[in-house]
Amino acid sequence: MIPRLQFAHLPTPLEPLPRLTRMLAGGQMFVKRDDQTGLAFGGNKARKLEYLLADAQTRNARTLITAGAVQSNHCRQTSAAAARHGFDCVLVLSGEPPRHYSGNILLDKLLNAEIIWTEKSQREQVMNQTFEHLENEGRRPYLIPYGGSNPIGAVAYAYAMRELLEQWSQARLGEGGPDWVVFASSSGGTQAGLLVGAEVFGYQGRVLGISVDEVEEVLSSRVAELATETVRLFQKSVIFAPKDVLVNGNYLGGGYGVMGEPEKEAIRMFASLEGLLLDPVYTGRAAAGLIDLNRQGFFSAEDTVLFWHTGGTPALFVDTYRDLMVE
């Protein structure tokens, strides 16, 4: 049995998207609301942190250390989990300290995280150096990788796939789950977990990650490697190859965290048609890809398409993004 702390609000809702379905005239669309996992505005990292913090406890750790971008959803949720369970939390963030705190960085401060600033190219090195420093100080650190994307974190999304299949069956939406599961993919843990869940729990549909920051070859290789490591936790010896991983890298736009017209259209469309809030970096970009694929006829009218909402709502309140959305 894999150790787990239960603090996420699970199962997250499974909801139809009827107005979006009619607007796009493609497959019948649904959403899985992992923006409602309940940990400091929710998001997909809460599932992973249930397993990562349990592992930290078994190792008698006292301080969590992780890394991310300045507006990292993962860091915000790690800070919240640390506060709730009595850990200290140190964040290594790439970028410059903002003049005004907003979005996730404001929440990091409210959640009492210690923040170390560095350049993106130095982030991993600084995180490792910080780990050694904390260890020498006797603060018993536990290192959580970028995005919580290691086998312990990814296993959460294998179980999330089981949760989805159970909900799909209970709602009498058909056998075997939706035809497509589509979501934002970056550090790879969510996608690796879903692939493992498909293998372990018998999902027959297709798992499609819309890359937010990596070309297809890089992300598919990363996910395949992580899925191969993760499935061993289920006592299965399955080798996932990059060709087994469906990644679409056509929507990278201006780069990570750069919101363009497709992201703005997607955010406005989901909000105005379904009252559903996306974020500028992850779900906005993935939804933009989903919308474009619908317009291209990638999904048939008979398909059922699930958009897995991975959270990120606080980024809507970052000054730069807010101004772009209401211009």
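Here the structure is shown first, and the text comes after it.
Residues numbered from 1 in each chain as written. Predicted model: local features only at pLDDT ≥ 70, side-chain atom pairs only at ≥ 80, totals over all residues. Heavy atoms only, no water.

J.: How should I be thinking about the sheet that holds strand β5 (residues 114-118) in this particular structure?
T.: With parallel pairing, 4 strands are arranged side by side in an open sheet as β5-β4-β3-β6. At either end of the open sheet lies a strand with only one pairing partner, and these are β5 and β6 (141-143). The mean angle between the axes of side-by-side strands here comes to 25 degrees, regardless of whether they run parallel or antiparallel. As defined by bridge partners, strand β4 (residues 88-94) adjoins β5 across 5 bridges and the pair is classed as parallel. What sits directly across from Val92, in β5, is Ile116. Along the sheet, helix α4 (residues 103-110) makes contact with β4 and β5, crossing β5 at roughly 140 degrees. (Pairing = 2+ DSSP bridges. Helix = DSSP H or I, 4+ residues; strand = E, 2+ residues; numbered from the N terminus. Axes fitted to C-alpha atoms, helices over the stretch in contact; angles between N-to-C directions. Contact = heavy atoms within 4.5 Å.)

J.: Just to check I follow, could you spell out the pairing of strand β7 (residues 180-185) for this structure?
T.: Residues in a regular strand point their side chains to alternate faces of the sheet. Judged by how many residues are buried, β7 sits mostly within the fold: 6 of 6 residues are covered. In this structure, β7 lies alongside strand β8 (residues 206-211), joined through 6 bridges in parallel fashion. When the bridges of β8 are listed, Val182 appears paired with Leu208. In this region the chain leaves β7, passes through helix α7 (residues 189-201) and returns to the parallel neighbour β8; the handedness of that crossover is right-handed. As defined by bridge partners, β7 adjoins strand β10 (residues 304-309) across 3 bridges and the pair is classed as parallel. (Buried < 20%, exposed > 50% of the residue type's maximum accessible area, 1.4 Å probe, protein only. Right-handed = clockwise from strand over helix to strand, strands pointing away.)

J.: Explain the nonpolar core here, please?
T.: Side chains that are nonpolar tend, in soluble globular proteins, to be buried together. The biggest cluster of nonpolar side chains holds 35 residues, and the ones touching the most others in it are Leu164, Val181, Leu194 and Trp308. At 10 residues, helix α6 (residues 151-170) tops the list of elements feeding residues into this core. (Core = buried A, V, L, I, M, F, W, Y, C linked by side-chain atoms within 4.5 Å.)

J.: What is the right way to read the pattern of salt bridges from this model?
T.: Any two side chains of opposite charge can pair, given that their charged atoms come close. A full pass over the atoms with the stated rule returns 15 salt bridges. For the salt bridge of Arg4 with Glu50, the shortest nitrogen-to-oxygen distance reads 2.8 Å. Placement of the pair is Arg4 in the segment before β1 (14-16) and Glu50 in helix α2 (residues 45-58), with a sequence separation of 46 residues. Residue classification places Arg4 among the partly exposed positions, given a relative accessible area of 35%. Note on Glu50: relative accessible area 1%, which makes it buried. When the shortest N-O distance is used, the salt bridge between Glu263 and Arg285 registers 2.8 Å. With Glu263 in helix α9 (residues 261-274) and Arg285 in helix α10 (residues 283-295), this residue pair connects regions lying 22 residues apart in the sequence. Of the two residues examined, Glu263 and Arg285, each falls in the buried class. (Salt bridge = Lys/Arg side-chain N within 4 Å of Asp/Glu carboxyl O.)

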